Amino acid sequence: MKRVINTTDAPHAVGAYSQATTNGELLFTAGQIPLTPDGELLDDEPIAVQTRQALDNVVAILEAENLSPDDVLKVTVYLDDIDEFDEMNETYSNYFRTDPPARSAVEVGALPKGVGIEIEAVAAQP
Ligand SMILES: C=C(N)C(=O)O
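The rules behind the values
- Residues numbered from 1 in each chain as written.
- Predicted model: local features only at pLDDT ≥ 70, side-chain atom pairs only at ≥ 80, totals over all residues.
- Heavy atoms only, no water.
- UniProt positions renumbered as here; feature names shortened; annotations may be inferred.
- Phe/Tyr/Trp six-rings, centres within 6.5 Å; stacked < 30°, edge-to-face > 60°.
- Buried < 20%, exposed > 50% of the residue type's maximum accessible area, 1.4 Å probe, protein only.
- Lys NZ or Arg CZ within 6 Å of the ring centre and 35° of its normal.
- 1 Å grid on protein atoms, 1.4 Å probe; cavity = no way out; pocket = protein on both sides within 12 Å on 5 of 7 lines; lining within 4 Å.
- Points joined across faces, edges and corners; volume = space filled by probe spheres on them.
- Helix = DSSP H or I, 4+ residues; strand = E, 2+ residues; numbered from the N terminus.
- Contact = heavy atoms within 4.5 Å.

An unreviewed UniProt entry lists the protein under the name Rid family detoxifying hydrolase, with Natronoarchaeum mannanilyticum given as the organism. Turning to the protein, the UniProt record has this under Sequence similarities (unreviewed entry): "Belongs to the RutC family."

Now the structure itself:
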């Protein structure tokens, strides 16, 4: 059965979606943008800062379900500018140090709120 996740440790949805959904086995986060839980948009910050905030949001959502980055199976990274891949990747690697999840990283034409990055994850209950 589908259940939605709501945590104040991650930003509220900026549209018609839930922060995450789960069926009790798999958890799907919504794409997380560099928006703080208090609603501050970090769109003018370097991509490293934006990546950190997006991943902090992913981690907060995971922790709301007692999951951790180790439980993540797949990540998708959407970048406004693929030339920022290396900078994103350096920050990203701090979150997934051993046996990192599968990942796709792609450049897209534009992202909500004019941010530089959006990151979504799929995790499984251990
Ligand atoms: C920010 C999003 N995840 C959205 O607009 O779908």
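## Digging into the packing of aromatic side chains
In the structure shown here, the tally under the stated rule is one aromatic pair. When the ring of Tyr92 is compared with that of Phe96, the centres are 4.9 Å apart and the planes differ by 40°; the resulting orientation is tilted. The same class applies to Tyr92 as to Phe96, namely buried. If you follow Arg103 out to its NZ or CZ, it ends over the ring of Tyr92, 4.4 Å from the centre.

## Digging into empty space enclosed by the protein
Taken as a whole and judged by the stated rule, the model has one cavity of 30 Å³ or more. Looking at the largest cavity, its volume works out to about 60 Å³. Along the walls of the largest cavity sit Pro11, His12, Ala13, Tyr17, Gln19, Gly31, Gln32, Ile33 and Leu35, which together make up its complete lining.

## Some details on the side chain of Thr29
In this fold, Thr29 is placed in strand β3 (residues 26-29). When near neighbours in sequence (up to four residues on either side) are disregarded, Thr29 contacts Gln19, Ala20, Ile61, Ile119, Glu120 and Ala121.

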